[in-house]
Amino acid sequence: MTNMATKKEYLDTVRKRYRSLKSRSEKRKVINEVVSNLKVHEKHAIRTLNQKIRRKIVLTRRRPEVYGFDLIKPLKEIWVIAGKPCSKRLKPQLPELMKKLEQFNEIKLYPKQKDLLLKIGTSSIDKLLGPEKRKLRGKGLTGTKRSPLLKSIIPIRTGFDDVKGIPGHIEMDTVLHCGDTTKGNYAITLNNLDIDTHWNEKGMFFKKTQDKVIGSFVVLKRKFPFEILSVDFDGGDEFVNWKFKTYCDENHTAYTRCRSYHKNDQAHIESKNFQSIRKVIGYDRITDLRIIELIDDIYQDEHRLLTNFFYTTLKLSEKKRVSNKIKKKYEIAKTPYQRVLESKHIDKSVKEKLQSEYEHLNPAQLSRSLNKKLDKISKLISVTKLNQATP
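Residues numbered from 1 in each chain as written. Predicted model: local features only at pLDDT ≥ 70, side-chain atom pairs only at ≥ 80, totals over all residues. Heavy atoms only, no water.

Chemist: Help me understand the overall build of the protein, please; the structure alone is not making it clear to me.
Modeler: In terms of regular secondary structure, the protein is built from 16 helices and seven strands. Computed over its C-alpha atoms, the radius of gyration of the protein comes to 33 Å, more than 25% above the 21 Å expected for a compact globule of 391 residues. Taking the principal axes of the C-alpha coordinates as reference, the protein spans close to 110 × 60 × 55 Å. Split into buried and exposed, the 391 residues of the protein put 43% on the buried side. In the protein, the share of contacts with a sequence separation of at least 24, taken over all contacts with a separation of at least 6, comes to 70%. Surface accessibility of the protein: about 23,300 Å² in total, with carbon and sulfur atoms responsible for 52%. (Helix = DSSP H or I, 4+ residues; strand = E, 2+ residues; numbered from the N terminus. Rg over C-alpha atoms; globule rule 2.2 N^0.38 Å. Buried < 20%, exposed > 50% of the residue type's maximum accessible area, 1.4 Å probe, protein only. Contact = heavy atoms within 4.5 Å. Areas by Shrake-Rupley, 256 points an atom, 1.4 Å probe, with all protein chains shown as cover.)

Spelled out as structure tokens, the structure:
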């Protein structure tokens, strides 16, 4: 047997037969057969037959890498401009954002890069942006104080199925910029979110009082492109009080609250608190009035425009229980601006005004301006921390 492959195949067959035998006489016959056929020494034949049976190693072919490292930089730029959303929110917005950025010469893509970004899937986006996403972590404190005064007469709302498709029904909440302790006075953000369109308006002020919450809401209410029909909030005393109830009654605005200790009743605004505030401002304690004015300026200008015109959101379309699991399906991610244009309950004149405003918006320029102001705010916060730490 001169052919090596034939020799190996022969030995594999004989080795299996040799190991299955029990008597020495039968094994001796196999040894003699190997010595005769391969022309080898007896000891060599015994060692060969006692060797472990070789298993064939099947090499699995790796799929060729389609989305390489050259896509990370342009994808990261678009992701930052889009507000650092999850992949399911970013993917549907990629074509429109790329078109908008190219309109203002804010991004340069090779033809291959552009084609890949249009085809890229959510899992590939997560893989490429994984290191950046892991940096976005944090946790804040709650300052909600339960107010039993009006609870018995305020209706409880646990969902918005009865007003589905109708804009003007908002959830509202306050976000504390208190740092590690809720003692003392500090900045507050009042966050308002329309359930149907996800249009978001927010304002910052110093010290949480009933008058300031009402005053901020009055200002923010005028910025929505539709009439506010109802407000829903948690059981905090900044909302559950006679002043706020009187204001809502006089302005024919429905007034509801969620159940105590049931944050899922306000899942929309709780999620927006992180996405629209914590990811931008962070968790630092803010007491300086200059910083509060700068942040409120961001809320009313760059971040407002980016959030409502360019940042996509997901809406739940279906939820059903299968065995012991709950399966959820979501609509394609859209911006609040896109949802306003699709709404049948908003006047055509309002839509035309928004379209005219959208045509002149440069998301990259807005993002640069936002980051520039945030850098200034970050430096002021650092100086404030240093002054507080110095005896």
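Chemist: Even after reading the chapter, I still don't get helix H9 (residues 210-221), so can you show me in this structure?
Modeler: Helical geometry note: an α-helix holds 3.6 residues per turn, so side chains three or four residues apart project in the same direction. Over its 12 residues, H9 runs 16 Å from end to end, which matches the ideal 16 Å to within 8%, given 1.5 Å per residue. Val213, Ile214, Ser216, Phe217, Leu220 and Lys221 are the residues of H9 that are buried. The buried side chains of H9 occupy one side of the element, clustering within an arc of 165 degrees when seen end-on. Those residues of H9 that are buried are in contact with strand E1 (169-177), strand E2 (187-194), strand E3 (200-206), strand E4 (230-233), helix H10 (242-250) and helix H12 (289-300). (Expected span 1.5 Å × (residues − 1). Arc of directions from axis to C-beta.)

Chemist: Help me out: how do you make sense of helix H7 (residues 111-119) in this one?
Modeler: Listed as buried for H7 are Gln113, Leu116 and Leu117. The arc that holds every buried residue of H7, seen down its axis, measures 100 degrees, which confines them to one face. In this structure, H7 carries Pro111 and Lys119 as exposed residues pointing more than 90 degrees from its buried face. Where the residues of H7 are buried, they touch helix H4 (72-81) and helix H6 (94-103).

Chemist: Got a minute to help me understand the packing of aromatic side chains in this structure?
Modeler: In this description, an aromatic ring pair is defined by two values, namely the gap between the centres and the angle between the planes. Counted according to the given criterion, the structure contains 13 aromatic pairs. Between phenylalanine 224 and phenylalanine 226 the ring centres are 5.7 Å apart and the planes differ by 45 degrees, which places this aromatic pair in the tilted class. A relative accessible area of 6% places phenylalanine 224 in the buried class. Using a relative accessible area of 11% as the deciding quantity, one classes phenylalanine 226 as buried. Where phenylalanine 233 meets phenylalanine 239, the ring centres are 5.3 Å apart and the plane angle is 25 degrees; that geometry is what we call stacked. Classification of phenylalanine 233 as buried rests on a relative accessible area of 0%. Looking at phenylalanine 239, the relative accessible area reads 0%, which means it is buried. Site record: aromatic cluster; members linked through ring pairs are Phe217, Phe233, Phe239, Phe244, Tyr247 and Tyr255. Over the face of the ring belonging to tyrosine 18 we find lysine 27, whose NZ or CZ atom lies 5.4 Å from the ring centre. Taking NZ or CZ as reference, lysine 100 lies 4.1 Å from the ring centre of tyrosine 358, over its face. (Phe/Tyr/Trp six-rings, centres within 6.5 Å; stacked < 30°, edge-to-face > 60°. Lys NZ or Arg CZ within 6 Å of the ring centre and 35° of its normal.)

Chemist: Teacher, can you tell me more about the sheet that holds E3 here?
Modeler: Through backbone hydrogen bonds, the strands of a sheet pair up, either in parallel or in antiparallel fashion. A sheet is described by the order of its strands in space; here five strands give the open sequence E3-E2-E1-E4-E5, paired in mixed fashion. Each end of this open sheet is capped by a strand with a single partner; those strands are E3 and strand E5 (254-257). Across this sheet, the average inter-strand angle for adjacent strands is 25 degrees, counted without regard to direction. As defined by bridge partners, E1 adjoins E2 across eight bridges and the pair is classed as antiparallel. By the bridge assignment for E2, methionine 172 is matched with asparagine 192. Of the strands in this sheet, E1, E4 and E5 are in contact with H10, which crosses E5 at around 140 degrees. On top of the sheet, H12 reaches E1, E2 and E3; it is set at about 170 degrees to E3, its chief contact. (Pairing = 2+ DSSP bridges. Axes fitted to C-alpha atoms, helices over the stretch in contact; angles between N-to-C directions.)

Chemist: What am I meant to see in the side chain of serine 343 here?
Modeler: Here serine 343 lies in the loop between helix H14 (336-342) and helix H15 (348-359). Classification of serine 343 by relative accessible area gives buried; the value is 6%. Among all residues touching serine 343, those that are not within four sequence positions of it are Pro167 and Lys351.

Chemist: Sorry if this is basic, but what is going on with the environment of tyrosine 261 here?
Modeler: For tyrosine 261, the position within the fold is in the loop between E5 and helix H11 (267-281). With relative accessibility at 69%, the residue tyrosine 261 sits in the exposed group. Sequence separation between tyrosine 261 and glycine 235 is 26 residues; the distance between their C-alpha atoms is 9.0 Å.

Chemist: Sorry if this is basic, but what is going on with the packing of H12 against helix H13 (residues 302-309) here?
Modeler: Describing two packed helices takes the angle between their axes plus the distance from one axis to the other. Close contact between H12 and H13 brings their axes to 3 Å; oriented N to C, the two are set at 30 degrees. Residue-level contacts link Asp297, Ile298, Tyr299 and Gln300 of H12 to Glu302, His303 and Arg304 of H13. Counted by class, the contact of H12 with H13 contains two nonpolar, two polar and three charged residues. (Nonpolar A, V, L, I, M, F, W, Y, C, P; charged D, E, K, R; others polar.)

Chemist: Teacher, can you tell me more about the pattern of salt bridges here?
Modeler: Any two side chains of opposite charge can pair, on the condition that their charged atoms come close. Overall, the coordinates contain 18 salt bridges when judged by the stated rule. Taking the shortest distance from any N to any O, the salt bridge between arginine 157 and aspartate 162 comes out at 3.3 Å. Judged by its relative accessible area of 14%, arginine 157 falls in the buried class. Taking the relative accessible area as the measure of exposure, aspartate 162 reaches 59% and is therefore exposed. Here lysine 373 makes a salt bridge to glutamate 302, at a shortest N to O gap of 2.9 Å. A residue pair is termed long-range when its members are at least 10 positions apart, and lysine 373 in helix H16 (residues 363-389) and glutamate 302 in helix H13 qualify at 71 residues. (Salt bridge = Lys/Arg side-chain N within 4 Å of Asp/Glu carboxyl O.)

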